[in-house]
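# Residue-level structural notes
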Amino acid sequence: MISSNDHASSPEISKTTSENVILVFGATGQQGGAVASALLADGWSVRALVRDLKAPKAREKASLNIEVVQGDFNDEASIRSAMTGVYGVFSVQPSSGQGAAYGVSDEDEVRYGTMIADIAAQVGVSHLVYTSVNAAGPEKTGMGHFDSKSQIEAHIRSLDISSTIIRPAGFMELLMLPGLGLDQDAYVSFLRPTQIGQVIAVRDIGKIVAGIFSNPGRFAGRTIEIAGDELTGESLQRSLSHAAGRPIGYSRFPDAVLKENEFLRRLTALFDDGRLAGHADIGELRREFGHLLSFDEWLDGPGRPLFEAAQNASSSAIALR
Ligand SMILES: NC(=O)c1ccc[n+]([C@@H]2O[C@H](COP(=O)([O-])OP(=O)(O)OC[C@H]3O[C@@H](n4cnc5c(N)ncnc54)[C@H](OP(=O)(O)O)[C@@H]3O)[C@@H](O)[C@H]2O)c1
């Protein structure tokens, strides 16, 4: 379902909204897409704000019975219009961590995230869920796209609105990026052989957010670090080899690569000091939200196409960024 979000001339949005509508930002992306699917499955009406109504991913959302409205984080009026009358809001922003080509600065991210929260409070949204990152917190990390999220979190907490902040671990999907050596059976990543790092399947972010919206009173005011599994370099090697049906080598990013790539070096240092490793209580999360995928289950299930593609991709450069 595609609706016009012509805020200058049309007050129709508020007529079509109800207690059942949740506005999902980033629905054409990973987290927002998973959230939209999980909310639909739970019986919510979903409204998605997209930049281009004609884009294939926007059309795909519309075909799933999602109300798709046009808007942009740089157009405050479009955000206000899309939010009018909704029950809940799921807030996610792109970040500088996605690379310069994406064109989003840390300042942009903070501006988008705080604006969405401000408008949600002003128009009387009943519950806001904001997705941050596990490394966020009161102490700066020195990585702009993490510290931006700490700033947005603090702003949300200062507002008079019922909200929940989730802090996801690294996505399992991220482990399948080209350039990490799966095509050469020699995988490289952040972790030393016995060093622990938590991860989560994007699908489970959707499941958790839907769980929060199903019982907002229970989750209001909480900041919840989320993960579905805990890996080490050794367990990564075992899981990837098992899923591939042949031995896959593993090593941590070589020093030469870290020396050359400042972004990777700083991320790796945050794993080493524990701040990106994750401290989610996975047992408690499973009690609250149901089963969350282990990395092995993800590789055998929703992650299989990405795993196959990563094995067949031929690339030598590390594309993390
Ligand atoms: N990768 C990880 O392991 C990890 C872990 C924790 C947190 N994060 C954080 O997750 C966030 C990204 O989430 P994601 O991976 O779900 O994003 P994603 O898949 O890259 O999708 C980004 C979404 O934002 C929308 N968007 C971009 N610019 C917009 C604008 N100006 N106005 C309106 N919508 C806009 C895009 O819509 P279009 O279809 O219009 O492009 C798309 O739906 C980042 O802040 C990142 O730091 C990542």
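Scroll up to find the structure.
Small disclaimer: the values here were computed from a predicted structure and weren't measured. Counting of residues starts from 1 at the beginning of each chain's written sequence and follows it residue by residue. Two thresholds apply to this predicted model, a pLDDT of at least 70 for residue-level local features and 80 or more for giving and counting side-chain atom pairs, whereas whole-chain, interface and lining totals are computed over all residues. To obtain the side-chain values, all non-hydrogen atoms of the structure were included, while hydrogens and water were left out.

## Some words on the packing of aromatic side chains
By convention, a stacked pair of Phe, Tyr or Trp rings (six-membered ring in the case of Trp) has centres within 6.5 Å and planes under 30 degrees apart, an edge-to-face pair has planes over 60 apart, and any other such pair is tilted. If you walk through the whole model with that rule in mind, you get 9 aromatic pairs. With centroids separated by 5.4 Å and ring planes inclined at 25 degrees, the aromatic side chains of W44 and Y87 adopt a geometry described as stacked. In this pair, W44 is assigned in the loop between α2 (30–41) and β3 (45–50) and Y87 in the loop between α4 (76–83) and β5 (88–91), connecting sequence segments 43 residues apart. Residue exposure (1.4 Å probe, protein chains only): buried if accessible area is under 20% of the type maximum, exposed if over 50%, otherwise partly exposed. Residue classification places W44 among the buried positions, given a relative accessible area of 15%. Ring geometry for F295 versus W298: centroids 6.0 Å apart, planes at 15 degrees, classification stacked. Within this pair, F295 and its partner W298 are both found in helix α13 (residues 295–300), separated by 3 residues, close to a single helical turn. Relative accessible area serves as the criterion here: at 0%, W298 is assigned to the buried category. Ring pairs connect the aromatic residues F25, F73 and Y112, which therefore count as one cluster. Helix numbering and strand numbering both begin at the N terminus, where a helix is a DSSP run of H or I of at least 4 residues and a strand a DSSP run of E of at least 2.

## Details of the packing of α4 against helix α5 (residues 106–123)
With their axes 10 Å apart at the nearest point, α4 and α5 run at an angle of 45 degrees to one another. Considering their axes alone, α4 and α5 lie oblique with respect to each other. Of the two elements, α4 crosses α5, and the hand of that crossing is right-handed. The segment α4 lies against α5, with E76, I79, R80 and M83 engaging M115, I116, I119, A120, Q122 and V123. Each residue receives one of three labels: charged for Asp, Glu, Lys and Arg, nonpolar for Ala, Val, Leu, Ile, Met, Phe, Trp, Tyr, Cys and Pro, and polar for the others, Gly being one of them. Of the residues assigned to the contact of α4 with α5, the class counts are 7 nonpolar, 1 polar and 2 charged. Axis definition: a line fitted to C-alpha atoms, limited for helices to the stretch in contact. Angles are taken between N-to-C directions and run from 0 to 180 degrees. Note on angle classes: values under 35 degrees are labelled roughly parallel, values over 145 roughly antiparallel, values of 65 to 115 roughly perpendicular, and the remainder oblique. For any helix crossing, the convention is left-handed if the near helix is rotated counterclockwise from the far helix by under a right angle, and right-handed if that rotation is clockwise. Only heavy atoms matter for contacts: two residues are in contact if any of them lie within 4.5 Å across the pair.

## Regarding the site of the ligand
It suffices for a single heavy atom of a residue to lie within 4 Å of a molecule or strand for the residue to be listed as near it. Around the ligand, 25 residues are found, and the nearest of them are T28, Q31, R51, Q93 and Q98. Between the ligand and the protein, one listed contact pairs an oxygen atom with a backbone N or O atom of G26 at 3.3 Å. In this structure, an oxygen atom belonging to the ligand sits 3.1 Å away from a main-chain N or O atom of G29. Every accessible area reported is derived by Shrake-Rupley at a probe size of 1.4 Å, with residue values counting cover from the shown protein chains alone. A total of 940 Å² of accessible area belongs to the ligand in isolation, and the protein chains cover 85% of it. Of all elements in the fold, only α2 and β8 (170–171) reach the threshold of two or more residues within the shell around the ligand. The residue makeup of the shell around the ligand, split by class, is 11 nonpolar, 10 polar and 4 charged. Definition of a polar contact: a pair of N or O atoms within 3.5 Å, with one able to donate and the other able to accept a hydrogen when the atoms are protein atoms, and with sequence-neighbouring residues admitted only if both atoms are side-chain atoms.

## Observations concerning the environment of A269
Within the fold, A269 resides in helix α11 (residues 262–272). In this structure, the C-alpha to C-alpha distance between A269 and L285, residues 16 residues apart in sequence, is 27 Å.

## Here we look at the pairing of strand β6 (residues 127–131)
The buried count for β6 comes to 5 of 5 residues, which makes it a mostly enclosed element. Seen with its strands pointing away from the viewer, a crossover is right-handed if its path from the first strand over the helix to the second goes clockwise. Traced from β5 through α5 to β6, the parallel crossover comes out right-handed. Where β6 and strand β7 (residues 163–168) come together, 4 bridges link them in parallel fashion. The partner of L128 across the bridge, within β7, is S163. Should DSSP find at least two bridges between two strands, the strands are regarded as paired.

## A closer look at the sheet that holds β8
The 3 strands are arranged β8-β10-β12 in an open sheet whose pairing can be described as mixed. Because the sheet does not close on itself, it has two edges, and the strands there are β8 and β12 (229–231). Bridging between β8 and strand β10 (residues 197–200) involves 2 bridges; their strand directions are parallel. Looking at β10, one finds that F171 is bridged to I200.

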